[in-house]
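Here's the letter readout for the chains.
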Amino acid sequence: KKTLVSAAISKFEAHIFNFNFSKNDPCYRCFMPEMPEEENKCDTDGILPTVAGIAGTLQANEVVKNILYTKNELNGKMIVFNTLNLNFRKIQLTRNTNCIIDCKKR
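Residues numbered from 1 in each chain as written. Predicted model: local features only at pLDDT ≥ 70, side-chain atom pairs only at ≥ 80, totals over all residues. Heavy atoms only, no water.

Note: strand 3 (residues 77-82) against strand 4 (residues 87-92), 6 bridges, orientation antiparallel. Across the sheet, the residue bridging to I79 is K90, located in strand 4. Between strand 3 and strand 4, which follow one another and run antiparallel, lie 4 residues, and L86 among them has a positive phi close to 55 degrees. (Pairing = 2+ DSSP bridges. Helix = DSSP H or I, 4+ residues; strand = E, 2+ residues; numbered from the N terminus.)

Okay, here's the thing in structure tokens:
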């Protein structure tokens, strides 16, 4: 019954997730049911340090919103941003009916 605020970064792009497990939102396994086949590593692909800073700031903002019980527009969604073109997108996540952890039973 906790909230997971997660981020993933690679090169010039980041994804921010807010999974609220006390609500009927999709879980991480709904979004990523299997381990990706290709392996991306920061030491070979690299990351831009400012991308990590932006992602960390957005994560911290999500945590503060959860602590303050404010309306959270990111529940069940993810933010994708690219620092090369300064594009921010909010994407609705959908529940996977074949979720391997059967999150619909929450």
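Let's shift gears to the pattern of salt bridges. Evaluation of the coordinates by the stated rule reveals 1 salt bridge. A salt bridge links E62 to K65; the nearest nitrogen and oxygen atoms lie 2.9 Å apart. Pair noted here: E62 and K65 are both in helix 3 (residues 49-67), with a separation of 3 residues, about one helical turn. With relative accessibility at 4%, the residue E62 sits in the buried group. (Salt bridge = Lys/Arg side-chain N within 4 Å of Asp/Glu carboxyl O. Buried < 20%, exposed > 50% of the residue type's maximum accessible area, 1.4 Å probe, protein only.)

In low-pLDDT segments, the atomic positions of the prediction should not be examined closely. With 83% of its residues at a pLDDT of at least 70, the protein reaches an overall mean of 81. Mean pLDDT values for the elements of the protein range from 66 in helix 2 (residues 42-45) up to 92 in helix 3. (pLDDT = per-residue confidence, 0-100.)

Moving on, we come to the packing of aromatic side chains. In total, this model carries 2 aromatic pairs according to the counting rule given. On the numbers, 5.5 Å between centres and 15 degrees between planes, the contact of F17 with F19 is stacked. The exposure classification of F17 matches that of F19, with both residues buried. Between F81 and F88, the aromatic rings sit 5.0 Å apart at their centres with planes inclined by 15 degrees, giving stacked as the arrangement. Judged by relative accessible area, F88 falls into the partly exposed class, the value being 48%. (Phe/Tyr/Trp six-rings, centres within 6.5 Å; stacked < 30°, edge-to-face > 60°.)

By volume, the second largest pocket is sized at about 160 Å³. Every residue along the wall of the second largest pocket is listed here: T3, N20, K23, K65, N66, Y69, T70, K71, N72 and N75. Residue composition of the lining of the second largest pocket, by class: 1 nonpolar, 6 polar and 3 charged. (1 Å grid on protein atoms, 1.4 Å probe; cavity = no way out; pocket = protein on both sides within 12 Å on 5 of 7 lines; lining within 4 Å. Points joined across faces, edges and corners; volume = space filled by probe spheres on them. Nonpolar A, V, L, I, M, F, W, Y, C, P; charged D, E, K, R; others polar.)

Right, let's talk about the pairing of strand 3 for a bit. Of all the 6 residues making up strand 3, 6 are buried; the element is thus mostly covered by neighbouring parts of the structure. Neither face of strand 3 is exposed, since K77, I79 and F81 on one face and M78, V80 and N82 on the opposite face are all buried. Bridge analysis of strand 2 (residues 13-20) against strand 3 gives 5 bridges, and the strand direction is antiparallel. Looking across to strand 3, one finds that E13 is bridged to N82.

Right, let's get into the environment of A8. Inspection of the secondary structure puts A8 in strand 1 (residues 3-10). Judged by relative accessible area, A8 falls into the partly exposed class, the value being 38%. Spatially, the C-alpha atom of A8 lies 8.1 Å from that of A55, the residues being 47 residues apart in sequence. When neighbours within four sequence positions are excluded, A8 is seen to be in contact with E13, A14 and H15. (Contact = heavy atoms within 4.5 Å.)

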